[in-house]
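# Inside the fold
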There are 2 protein chains.
Amino acid sequence: MSLLAVGTVAFDDIETPFGRAERVIGGAATYITLAASYFTDNLKIVSVVGDDFPKEELSYLESRGVNLEGLQVKAGEKSFFWAGRYHDNLNDRDTLDTQLNVLADFHPVLPDSYKSPAYLMLGNLTPAVQKAVIEQLEERPKFIALDTMNFWMDTAMESLLDVLKHIDGLIINDEEARQLSGEHSLVKAADVIHDMGPKYVVIKKGEHGALLFEGGRVFFAPALPLAEVYDPTGAGDTFAGGFMGYIARTDDLSFENMKRAVIYGSAMASFCVEKFSVERLKELSNKEINKRIAQFVELVNFDADIEL
Amino acid sequence: MSLLAVGTVAFDDIETPFGRAERVIGGAATYITLAASYFTDNLKIVSVVGDDFPKEELSYLESRGVNLEGLQVKAGEKSFFWAGRYHDNLNDRDTLDTQLNVLADFHPVLPDSYKSPAYLMLGNLTPAVQKAVIEQLEERPKFIALDTMNFWMDTAMESLLDVLKHIDGLIINDEEARQLSGEHSLVKAADVIHDMGPKYVVIKKGEHGALLFEGGRVFFAPALPLAEVYDPTGAGDTFAGGFMGYIARTDDLSFENMKRAVIYGSAMASFCVEKFSVERLKELSNKEINKRIAQFVELVNFDADIEL
């Protein structure tokens with residue numbers, strides 16, 4: 001089934017304890033579509049870049065099945081740019097620079113062929129932009145997922161709460177869930193967020209895995225314990241891309257299938273952090289992904305055998 | 001099979017965001033034996049208390065199948081006392097007071113009937129005391145597990161490294177594993193610790209679950225997501241007690257069974273934190289434990305169904 005991804009396509013400068021990468025390819029929509037491209041080739045993207053964005057990178061996305069009709073290229077303007085430095089623990093990072101550039105005045109425009117996607121992933125962007133995409137749809141997708149961040153809770157809470165009423169699944173990290181809900185316990189946070197609109201709440205905990213909450217049920221997917229994490233940039237978006245790509249492929253919204261989607265999202269994220277930028281996501285094989293899924297099964301599978 | 005537990009039996013003052021408990025029952029060996037008592041009634045304890053320790057609490061341990069012949073009661077002396085305050089996140093705590101009292105000069109003495117335990121759990125204590133217990137054994141137990149803490153790495157690293165050579169499984173938390181190994185990655189930390197002696201390394205991550213490492217294999221058990229955590233005191237010892245109690249009951253050292261032991265340890269720890277002190281551990285039923293194990297199965301169980 002078709003999956004429409006909305007989000008940034010951008011340049012990143014990244015510093016981790018393992019090295020430095022300058023002006024590499026980043027952006028939520030880039031990670032989302034690349035991860036999803038291993039599950040479906042019916043992909044559409046709504047985003048904006050300046051004419052400084054490399055044409056070969058756009059061609060590469062097209063070669064992975066991503067339709068770029070909804071990607072605006074602004075002549076004479078610059079692409080969104082983010083620079084960050086990770087701490088030694090790789091869980092914390094400082095933003096060193098943010099240049100909105102083309103994003104400062106971004107008005108998403110959905111081509112006619114984009115107006116009835118089966119599935120919609122709204123990557124982290126101004127809530128008003130996310131809402132503007134929903135408003136241009138002619139048919140309600142089967143599942144709308146949304147990512148957001150603390151910044152929008154600080155600066156645009158009202159419009160964030162508004163867009164949350166129109167989506168099915170919120171995919172955020174633990175700190176964001178705590179800030180949004182005002183609850184420290186993630187179980188309570190998920191309850192509060194359910195009441196804001198989303199039936200499904202996925203809370204990403206980075207190296208500590210991810211939780212899926214729906215109607216009193218909870219599922220936990222671990223992160224794969226890795227010896228080396230080179231660059232966490234884009235891991236959350238890659239998770240979302242794997243999650244929604246798997247759902248678009250299987251077209252099954254049962255809780256059992258959502259659980260699998262969380263595992264596939266976690267597996268894709270575990271590849272993402274192994275190299276800088278999108279490098280690892282570009283070189284994956286289906287065989288590697290299947291093998292990693294088998295590692296997840298191995299990691300958590302056990303037989304409870306005794307009755308006390 | 002028989003399980004010998006070595007560790008403190010003590011009083012705690014505990015402050016959490018949910019309340020305050022004064023002079024409640026605590027101590028590693030208390031939590032370990034109480035948790036293990038749901039799996040086996042062949043339990044022995046090596047510890048020391050002053051004559052201020054309530055006789056009815058000792059009788060209660062006996063009623064749960066714990067042999068107290070190895071518990072020294074020092075006339076005219078006071079029991080070990082610890083006071084701590086938890087931060088709002090319940091992951092961090094400050095020690096407000098530590099009074100060694102009877103522990104200051106503790107020389108463990110194993111009664112003859114204690115010298116051939118099938119399984120041995122060395123709770124957190126001076127490494128030299130842990131070693132002194134091993135030296136008094138007449139037969140090598142099938143499995144020796146040990147817990148320790150950062151304090152001993154700071155003050156008695158040499159004797160800690162010595163005792164590690166004589167054990168099979170180390171059960172510590174993530175920060176302790178990092179300090180002991182000098183590695184941030186827990187995968188690498190486990191490798192370094194394997195080389196110090198322990199074939200099995202269990203790393204507890206509190207609310208983020210626990211990892212079991214052995215010979216290149218890894219298993220992950222989540223912590224149960226809880227709406228309320230009242231008091232984390234003793235959760236790690238309860239985990240160890242459930243883990244070793246399960247192993248003593250099943251007498252099976254295969255990796256598959258170790259995985260189950262980690263799940264049972266996690267389940268027992270999830271009860272421990274629901275009330276102050278050992279309250280919750282005193283009132284459990286087998287039915288509740290079985291039900292909680294079923295919740296763990298539900299929490300992580302998934303079927304991987306597609307091949308890409």
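### Some details on the overall build of chain A
The helix and strand tally for chain A stands at 11 helices and 14 strands. For 308 residues, the compact-globule formula gives about 19 Å, and the C-alpha radius of gyration of chain A, at 18 Å, lands near that figure. Taken along its principal axes, the extent of the C-alpha atoms in chain A is 70 × 40 × 35 Å. A burial count over chain A gives 50% of its 308 residues as buried. Considering only intrachain contacts with a sequence separation of at least 6, the fraction spanning at least 24 residues in chain A is 69%.

### Description of the packing of helix α8 (residues 235-250) of chain B against helix α9 (residues 255-272) of chain B
Residues and elements named next belong to chain B. Where α8 meets α9, the axes come as close as 7 Å, and the angle between the chain directions of the two elements is 140°. Taken as axis vectors, α8 and α9 run oblique relative to one another. In the packing of α8 onto α9, the handedness of the crossing is right-handed. Contacts from Ala 235, Thr 238, Phe 239, Ala 240, Gly 241, Gly 242, Phe 243, Tyr 246, Ile 247 and Thr 250 of α8 reach α9 at Asn 257, Arg 260, Ala 261, Val 262, Tyr 264, Gly 265, Ser 266, Ala 267, Met 268, Ala 269 and Cys 272. Taken together, the residues of the contact of α8 with α9 sort by class into 13 nonpolar, seven polar and one charged.

### Looking at helix α1 (residues 28-36) of chain A
Counted residue by residue, α1 of chain A has nine buried out of nine residues, so it is predominantly covered. Restricting attention to buried positions, one finds in α1 of chain A the residues Ala 28, Ala 29, Thr 30, Tyr 31, Ile 32, Thr 33, Leu 34, Ala 35 and Ala 36 of chain A.

### Examining the interface of chain A and chain B
Residue-level contacts link 33 residues of chain A with 34 residues of chain B. Of all the secondary-structure elements, those providing two or more residues to the side of chain A that touches chain B are α7 (186-196), β14 (217-221), α9 (255-272) and α11 (286-300) of chain A. For the side of chain A that touches chain B, the element with the most residues is α11 of chain A, which contributes seven residues. Per-class residue counts for the side of chain A that touches chain B are 20 nonpolar, six polar and seven charged.

About the criteria used
Residues numbered from 1 in each chain as written. Chains lettered and ligands numbered in written order. Predicted model: local features only at pLDDT ≥ 70, side-chain atom pairs only at ≥ 80, totals over all residues. Helix = DSSP H or I, 4+ residues; strand = E, 2+ residues; numbered from the N terminus. Rg over C-alpha atoms; globule rule 2.2 N^0.38 Å. Buried ≥ 20, exposed ≤ 12 C-beta atoms within 10 Å, placed from the backbone. Contact = placed C-beta atoms within 7 Å. Axes fitted to C-alpha atoms, helices over the stretch in contact; angles between N-to-C directions. Parallel < 35°, antiparallel > 145°, perpendicular 65-115°, else oblique. Left-handed = near helix turned anticlockwise from the far one by under 90°. Nonpolar A, V, L, I, M, F, W, Y, C, P; charged D, E, K, R; others polar.

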